[in-house]
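Chains, contacts and geometry: an overview
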Amino acid sequence: MEHCFDIEPMNQWMPCGDKPCVIAGPCSAESEEQVMETARELAKIPMVKVFRAGLWKPRTRPSTFEGVGDEGLNWLVRVKQETGLKITTEVANPSHVEKALKAGIDMVWLGARTVVNPFSVQEIGEALKGSHIPVMVKNPLNPDLTTWMGALERINRSGVKKLAAIHRGFSYYKHSPYRNDPMWEIPIELKRLCPELPVIVDPSHICGRVDLLSVISQRAIDLEMNGLMIETHIRPKEALTDKQQQITPEVLASLLSGLIFRKPVGSTEFQNQLEKLRSEIDKIDQQLIDIIAQRMSIVDQIGNYKKENKITILQLKRWNQIFSERVENGEQLGLPREFIMKLLEVVHEESIQRQIDVMNKKD
Ligand code: PEP
Ligand code: MN
C-alpha cells in the first residue's frame, strides 16, 4: 500500500514502549507552582511520558484568560529538568515555534483552530523547517478529513518526519453528550488511508466533562489508537480554562489503571468496518431520540389545543387508524407486525400520559 507520509515510526521519538503513549498536563499553564505540582504528581504515573500545558491560548472570547505566554516556557523546562518528563505545548504562529525551539520544548502541537487555516499551517511549517522537533496536528474544528490531512501534509513537506495526528472530536450542530463529537469514522478513515500515521486521542476535548473520559479512552484503546492526551490539573476546580474537563493526577492514575488492553479480535480491517457500522448506529439512535422528542412536543401542543376546546384525550377512532396504517407501513419495510405494535403502544402510552399532564396543569 502506498503511504501518505514520509515519517519516522513513533517509537523512535516517543518514549512509550508497547503501551499507548499518555500525554497529560493542564489545559493551560497558570503559575509555576500549579505547573510544578501537577508535573510532580504526573511523573509518578508510569504510563505518563509527556507533560502538556498551553501557554498561548487561542480563546473563543478575548476577555477570558489568554495564557501566561512566554513566561511559562521556563516552567516547562523546569518540569523536564526535575521530572524527566518530555514537554509539549501548542504553537499557533511562527513566533511561538521560534520560542519553543529556542527554549528546548521537546514536541509541539497545532490546535484545532489553527488547523482550519492553511495559511497559518503553511507559516508554521516554514518556521519548523530545519528543526527535528516532533509535531502533532489536531483535527480541525469541523468534521473534514481533507483539511486535517492537508495540514499534516503541509507539516510533513516542511521536513517534519516525527509526525502524529491528534483526534479531539468535531463541532457538531446536533445535540450530543460530547463537547466535540468523536465521529470515530473520520480517524478510522485516516488510519485506513495512512496506516503509518500514529493517531493520539484527546478524550478531554471530545468529552468536555469528566464522567465520559474513561469510556472514550477505552474506545481509543479498543480502536488501536496510539496514545491519549488527557488534561490534568492539580486543582481542577480552580482551573482558568477548560475547568469542567480536567481531572487530578490521582483520578488520571485510576482511569489509566482501569483501562483494558484487549487482544484484538479479528483483523484491523474487521474492527474498522465494525466501528464504522457502530458509529452509524450511534447516529441513527440519536436521530431516533430527536424525532421522538419532536413527536412529543407536538403531542403537547395537541393536548393544549384539546384542553382549550374541552375535547377528550383519547380519540379511539384516530388511534385505530394510526395503529393499522403504521403497522402496514412497517410491514412493507420488512418490520414484523408485533414489533411495530409494541413500539406504537409505548409511544402512544407516553403521548396519553403527557396529555393527561397538560389537562391537569393549572393555568
Ligand atoms: C487544548 O489542547 O487545550 C486546546 C486548545 O485544544 P483544541 O485545539 O483541541 O481545542
Ligand atoms: Mn483545553
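The present account deals with the structure reproduced in this document. This is a predicted model, so every value here is computed, not measured. (Residues numbered from 1 in each chain as written. Chains lettered and ligands numbered in written order. Predicted model: local features only at pLDDT ≥ 70, side-chain atom pairs only at ≥ 80, totals over all residues. Heavy atoms only, no water.)

Let us now look at the site of ligand 1. Neighbouring ligand 1 are the residues Cys27, Arg52, Lys57, Glu90, Trp109, Gly111, Ala112, Arg113, Lys138, Arg168, His205 and Glu231. Here an oxygen atom of ligand 1 sits 2.8 Å away from a polar atom, N or O, in the side chain of Lys138. One of the side-chain N or O atoms of Arg168 is found 2.6 Å from an oxygen atom in ligand 1. Taken by itself ligand 1 offers 300 Å² of open surface, and the protein chains cover 96% of this. Looking at side-chain class alone, the shell around ligand 1 contains three nonpolar, two polar and seven charged residues. (Near = heavy atom within 4 Å. Polar contact = N/O pair within 3.5 Å; in protein donor to acceptor, adjacent residues only side chain to side chain. Areas by Shrake-Rupley, 256 points an atom, 1.4 Å probe, with all protein chains shown as cover. Nonpolar A, V, L, I, M, F, W, Y, C, P; charged D, E, K, R; others polar.)

Another aspect to go through is the sheet that holds strand 7 (residues 199–201). Taken together, eight strands build a closed barrel; the order of strands is 1-2-3-4-5-6-7-8 and the barrel is parallel. Taken pair by pair, the neighbouring strands of this sheet meet at an average axis angle of 30 degrees, ignoring direction. Relative to strand 2 (residues 48–52), strand 1 (residues 21–25) runs parallel, the two sharing three bridges. Pairing of Ile23 across the sheet is with Val50, part of strand 2. (Pairing = 2+ DSSP bridges. Helix = DSSP H or I, 4+ residues; strand = E, 2+ residues; numbered from the N terminus. Axes fitted to C-alpha atoms, helices over the stretch in contact; angles between N-to-C directions.)

For the manganese ion (ligand 2), the protein coordination sphere consists of Cys27 (SG), His205 (NE2), Glu231 (OE) and Asp242 (OD), at 2.1 to 2.4 Å. Here the donor residues of the manganese ion (ligand 2) share one chain and are spaced in sequence as C-x177-H-x25-E-x10-D. Here Glu231 lies in strand 8 (residues 227–231) and Cys27 lies in the loop between strand 1 and helix 1 (32–42), a separation of 204 residues in the sequence. Judged by relative accessible area, Cys27 falls into the buried class, the value being 2%. For Glu231, a relative accessible area of 1% corresponds to the buried category. (Donors = N, O, S within 2.8 Å, 3.2 Å for Na, K, Ca; no water. Buried < 20%, exposed > 50% of the residue type's maximum accessible area, 1.4 Å probe, protein only.)

Where helix 12 (residues 316–332) contacts helix 13 (residues 337–360), the axes come no closer than 9 Å and their chain directions differ by 140 degrees. With respect to their mutual orientation, helix 12 and helix 13 come out oblique. Viewed along their axes, helix 12 and helix 13 form a crossing whose handedness is right-handed. Here Trp319, Phe323, Arg326, Val327, Gly330 and Glu331 of helix 12 lie close against helix 13, whose contacting residues are Arg337, Ile340, Met341, Leu344, Glu345 and His348. (Parallel < 35°, antiparallel > 145°, perpendicular 65-115°, else oblique. Left-handed = near helix turned anticlockwise from the far one by under 90°. Contact = heavy atoms within 4.5 Å.)

In summary, the side chains of a regular strand alternate between the two faces of the sheet. Across the five residues of strand 8, five count as buried, placing the element largely inside the fold. Side chains Gly227, Met229 and Glu231 of strand 8 all project onto a buried face; the interleaved residues Leu228 and Ile230 project onto the opposite face, where all are buried too. Sheet analysis places strand 1 next to strand 8, joined by five bridges and oriented parallel. Its bridge partner being in strand 8, Cys21 is matched across the sheet by Gly227. Both strand 7 and strand 8 contribute to a ladder of two bridges, which runs parallel. Within strand 8, the position partnered with Ile200 by the bridge is Gly227.

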